[in-house]
Amino acid sequence: MAILADGWAIVVASKDEPDGPGYVVDFADSVEDLVDDIDDADCATTAQDAAAAGLNYEAGLLALPFNLSPAGDDDEEQYPVVAKAGDGLAAALGVDDVHFVDVDCKGQIDETEECTALS
């Protein structure tokens, strides 16, 4: 989960950079891999499965324009939705030290206020 959060920090930090689309697609692929791992686990709860599916869906929506065309245009409003879904999955898995919403533009954790880049 921490590796996934690190990937999200890279997505946020590279949001307006030329290599940003590649990081978005890589993040969505990583989420899909994690969802497959959770699906394969016999001990996953329904809440964990639902939270994983929600993050997978939202990350896929964020990556969709870039999967269709490398020059695609992302939906600014999708970033906070993905971040909240990531926090929801972390909570469902009982991981308290991983955050998606409070990642600032440089990919660092901002403990004092929500990142304005994601608002």
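Here is a short report on the structure shown in this document. (Residues numbered from 1 in each chain as written. Predicted model: local features only at pLDDT ≥ 70, side-chain atom pairs only at ≥ 80, totals over all residues. Heavy atoms only, no water.)

1. With respect to the overall build of the protein chain
Right, on to step 1. Within the protein chain, the secondary structure is distributed over four helices and zero strands.
Right, on to step 2. Secondary structure elements of the protein chain occur, N-terminal to C-terminal, as α-α-α-α.
Right, on to step 3. Taken across its 119 residues, the protein chain has 38% of its residues classed as buried.
Right, on to step 4. A separation of at least 24 residues holds for 58% of the contacts in the protein chain among residues at least 6 apart in sequence. (Helix = DSSP H or I, 4+ residues; strand = E, 2+ residues; numbered from the N terminus. Buried < 20%, exposed > 50% of the residue type's maximum accessible area, 1.4 Å probe, protein only. Contact = heavy atoms within 4.5 Å.)

2. Observations concerning the environment of Ala85
Right, on to step 1. Note on placement: Ala85 falls in helix H4 (residues 78-93).
Right, on to step 2. Among the residues examined, Ala85 registers a relative accessible area of 17% and is labelled buried.
Right, on to step 3. Once residues lying within four places of it in the same chain are set aside, the contact partners of Ala85 are Gly54, Leu55 and Glu58.

3. Regarding the pattern of salt bridges
Right, on to step 1. Taken as a whole, this structure holds one salt bridge when the rule is applied.
Right, on to step 2. Notably, a salt bridge pairs Lys15 with Glu76, separated by 3.1 Å at the nearest N-O pair. Here the residue Lys15 occupies a position in the loop between helix H1 (2-13) and helix H2 (20-40), and Glu76 occupies one in the loop between helix H3 (46-68) and H4, the gap between them amounting to 61 residues.
Right, on to step 3. Accessibility expressed as a relative area gives 42% for Glu76, which makes it partly exposed. (Salt bridge = Lys/Arg side-chain N within 4 Å of Asp/Glu carboxyl O.)

4. Here we look at the nonpolar core
Across soluble globular proteins, nonpolar side chains show a tendency to be buried alongside one another.
Right, on to step 1. By size, the foremost hydrophobic cluster in this structure holds 28 residues, and its most contacted members are Trp8, Val24, Phe27, Val31, Leu55 and Phe100.
Right, on to step 2. Breaking this core down by element, the ones donating at least two residues are H1, H2, H3 and H4. (Core = buried A, V, L, I, M, F, W, Y, C linked by side-chain atoms within 4.5 Å.)

5. Details of the side chain of Lys15
Right, on to step 1. Since its relative accessible area comes to 14%, Lys15 is described here as buried.
Right, on to step 2. A polar atom in the side chain of Lys15 sits 3.1 Å from the side chain of Glu76. (Polar contact = N/O pair within 3.5 Å; in protein donor to acceptor, adjacent residues only side chain to side chain.)

6. Here we look at the environment of Ala53
Right, on to step 1. Within the element layout of this structure, Ala53 appears in helix H3.
Right, on to step 2. For Ala53 and Asp39, which are 14 residues apart along the polypeptide, the C-alpha to C-alpha distance reads 9.5 Å.

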